Amino acid sequence: MRRKIVAGNWKMNGSKDLVDRLVGQVRSELASPGNGVEIVIIPPALFVGDVVRRADGEIAVGVQNVACWDSGAYTGEISAVMARDSGSACALVGHSERRQLFGETDEQVAVKVGKVLASGLDAIICVGETLEEREAGKAEDVVSSQVRKAVSEVSAGQWQQVVIAYEPVWAIGTGKTATAEDAQAMHAAIRAVLAAFGAPSEEISLLYGGSVKADNAAALFAQPDVDGGLIGGASLSAKDFVSICQAMPGKS
Ligand code: PEP
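Below you will find a few notes about this structure.

Parameters at a glance
- Residues numbered from 1 in each chain as written.
- Predicted model: local features only at pLDDT ≥ 70, side-chain atom pairs only at ≥ 80, totals over all residues.
- Heavy atoms only, no water.
- Helix = DSSP H or I, 4+ residues; strand = E, 2+ residues; numbered from the N terminus.
- Buried < 20%, exposed > 50% of the residue type's maximum accessible area, 1.4 Å probe, protein only.
- Contact = heavy atoms within 4.5 Å.
- Lys, Arg positive; Asp, Glu negative; His and termini not counted.
- Charge placed at Lys NZ, Arg CZ, Asp CG, Glu CD.
- Expected span 1.5 Å × (residues − 1).
- Pairing = 2+ DSSP bridges.
- Axes fitted to C-alpha atoms, helices over the stretch in contact; angles between N-to-C directions.
- Phe/Tyr/Trp six-rings, centres within 6.5 Å; stacked < 30°, edge-to-face > 60°.
- Lys NZ or Arg CZ within 6 Å of the ring centre and 35° of its normal.
- Near = heavy atom within 4 Å.
- Polar contact = N/O pair within 3.5 Å; in protein donor to acceptor, adjacent residues only side chain to side chain.
- Areas by Shrake-Rupley, 256 points an atom, 1.4 Å probe, with all protein chains shown as cover.
- Nonpolar A, V, L, I, M, F, W, Y, C, P; charged D, E, K, R; others polar.

Here we look at the overall build of the protein
Scanning the protein from terminus to terminus reveals ten helices and eight strands. Projected onto its principal axes, the C-alpha positions of the protein cover 45 × 45 × 35 Å. In the protein, which comprises 252 residues, the share counted as buried stands at 53%. Of the contacts formed within the protein by residues at least 6 apart in sequence, a portion of 72% connects residues at least 24 apart. If the 23 positive side-chain charges of the protein are averaged to one point and the 31 negative ones to another, these points end up 3 Å apart.

Focus: helix 5 (residues 106-119)
Its 14 residues give helix 5 an end-to-end C-alpha distance of 20 Å, which sits within 8% of 20 Å, the value for a rise of 1.5 Å per residue. Among the residues of helix 5, Asp-106, Val-109, Ala-110, Lys-112, Val-113, Val-116, Leu-117 and Ser-119 are the ones counted as buried. The inward-facing, buried residues of helix 5 contact helix 3 (80-85), strand 4 (90-93), helix 4 (96-101), strand 5 (122-127), helix 7 (139-150) and strand 6 (162-166).

What to know about the sheet that holds strand 4
The sheet built from eight strands closes into a barrel, its strands ordered 1-2-3-4-5-6-7-8 with parallel pairing. Averaged over all adjacent pairs, the angle separating strand axes in this sheet is 25°, with direction ignored. Of the pairings in the sheet, the one linking strand 3 (residues 60-63) to strand 4 comprises two bridges and is parallel in character. Across the sheet, residue Val-63 finds its bridge partner in strand 4, namely Ala-91. Lying over the sheet, helix 2 (residues 48-55) contacts strand 2 (37-42) and strand 3, oriented at roughly 170° with respect to strand 3. Packing of helix 10 (residues 238-247) onto the sheet brings it into contact with strand 1 (4-9), strand 2 and strand 8 (228-231), and relative to strand 1 it is tilted by some 165°.

Some points on the packing of aromatic side chains
Taken as a whole and judged by the stated rule, the model has three aromatic pairs. Seen in terms of ring centroids, Trp-69 and Tyr-74 are 3.9 Å apart; in terms of plane orientation they differ by 0°. Their pairing is stacked. Owing to a relative accessible area of 37%, Trp-69 belongs among the partly exposed residues under this scheme. Of the residues examined, Tyr-74 reaches a relative accessible area of 33% and is grouped as partly exposed. Between Arg-98 and the ring centre of Phe-102, over which it is positioned, the NZ or CZ distance is 4.2 Å.

Brief notes about the site of the ligand
Within the structure, the ligand sits among 14 residues, and Lys-11, Glu-167, Gly-173, Ser-211 and Gly-233 are positioned closest to it. Contacts to the ligand include Gly-173, whose backbone N or O atom sits 2.7 Å from an oxygen atom. Taking Gly-232, its main chain carries an N or O atom lying 2.8 Å from an oxygen atom of the ligand. Burial of the ligand by the surrounding chains reaches 98%, relative to a free accessible area of 290 Å². Residue composition of the shell around the ligand, grouped by class: four nonpolar, eight polar and two charged.

Thoughts on helix 10
Every buried residue belonging to helix 10 is among Ala-238, Phe-241, Val-242, Ile-244, Cys-245 and Ala-247, and all of these are buried. Against strand 1, helix 1 (16-29), strand 2, helix 9 (217-221) and strand 8 lie the buried residues of helix 10.

Section: the environment of Val-142
The topology assignment puts Val-142 in helix 7. Residue class for Val-142 comes out buried when judged on its relative accessible area of 17%. In this structure the C-alpha to C-alpha distance between Val-142 and Glu-129, which are 13 residues apart in sequence, comes to 6.2 Å. In contact with Val-142, not counting residues within four places along its chain, are Gly-128, Glu-129 and Glu-133.

If you want it as structure tokens, here you go:
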């Protein structure tokens, strides 16, 4: 059985007020958290403690990024161990905004994956092609290469901490979504890459992200290799996020 996960990435949005309102509403509207779908909120790191307290164990919390290092003179950075100590259960690694805006490389992503897993957190590894790469027919090659590099240091006992989020860059925050069929095709390709790598690919959860909304979530989540979603903009509205969570089979 693969884990079913719906995670909301707040990016650099939100406030303590939003934490109170949104987490409270999500908890009250998803009446029985834990009935098969893991709900995760990934706020700005400063709010992790607030979400942890407000979620009271019913919703998991994650961070959007960690450093390549354990500690030291790296002003502004936070380590995976610090994220874990603050109550996080997982960390995003290699989100396309980190790759594009902050120049994060495949090599850094692999190092961060190693740090996250060693700390005991789950790693939600983000991969995805640009529009240019898709139009050039290179989408699968690009994504496969990102996956292979990101998991290059994962050891045999760590696969249960690995989650992969396929997020086509052209679909993030644009209102354009991959069709359910395109998402399924890429997820199947990712699973094949993991299998070729010797990973227990059938046990690894693969999330889709990129303009997932209440009205397209059900079709995406119905695909056999789509095990959940990574939600950006729509996760900032309790109503939309709850609807998306409810679209995941197993959650009502
Ligand atoms: C994201 O930031 O991971 C994302 C998928 O954003 P959006 O849902 O807004 O496209």
